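Residue-level listing of the chains:
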Amino acid sequence: MDSVFYRMSIRAIIQEFPLILSNELFVSRMNKVLDNSKDKRGVKILRKEIKKLRI
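Residues numbered from 1 in each chain as written. Predicted model: local features only at pLDDT ≥ 70, side-chain atom pairs only at ≥ 80, totals over all residues. Heavy atoms only, no water.

Q: Mind showing me how you'd approach the environment of Glu24 here?
A: For Glu24, the location among the structural elements is in helix α2 (residues 24–35). The class of Glu24 is exposed, set by a relative accessible area of 53%. Sequence spacing of Glu24 and Arg47 is 23 residues, and the spatial spacing of their C-alpha atoms is 16 Å. (Helix = DSSP H or I, 4+ residues; strand = E, 2+ residues; numbered from the N terminus. Buried < 20%, exposed > 50% of the residue type's maximum accessible area, 1.4 Å probe, protein only.)

Here is the structure:
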């Protein structure tokens, strides 16, 4: 689960379909992937991008 490809996939899905962030199941699974990542800097950047889209 701690792979750059997971984060890249999440980023691609969100960029292509930002409405997915209203799906609680997707958000829950996404958070599990991000919480288990050891790349804290990459996760911080991705969470910042997600926060901008959710507003």
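Q: Looking at this structure, I do not really get the packing of helix α1 (residues 4–16) against α2. What am I missing?
A: When two helices pack together, their arrangement is given by the angle between the helix axes and the distance between those axes. Look at α1 against α2: their axes get within 10 Å of each other, and the N-to-C directions meet at 150 degrees. Taken together, the axes of α1 and α2 are roughly antiparallel relative to one another. Of the two possible hands of crossing, α1 and α2 adopt the one that is left-handed. In contact with Tyr6, Arg7, Ile10, Ile13 and Ile14 of α1, α2 contributes Phe26, Met30, Val33 and Leu34. Classifying every residue of the contact of α1 with α2 gives eight nonpolar, no polar and one charged. (Axes fitted to C-alpha atoms, helices over the stretch in contact; angles between N-to-C directions. Parallel < 35°, antiparallel > 145°, perpendicular 65-115°, else oblique. Left-handed = near helix turned anticlockwise from the far one by under 90°. Contact = heavy atoms within 4.5 Å. Nonpolar A, V, L, I, M, F, W, Y, C, P; charged D, E, K, R; others polar.)

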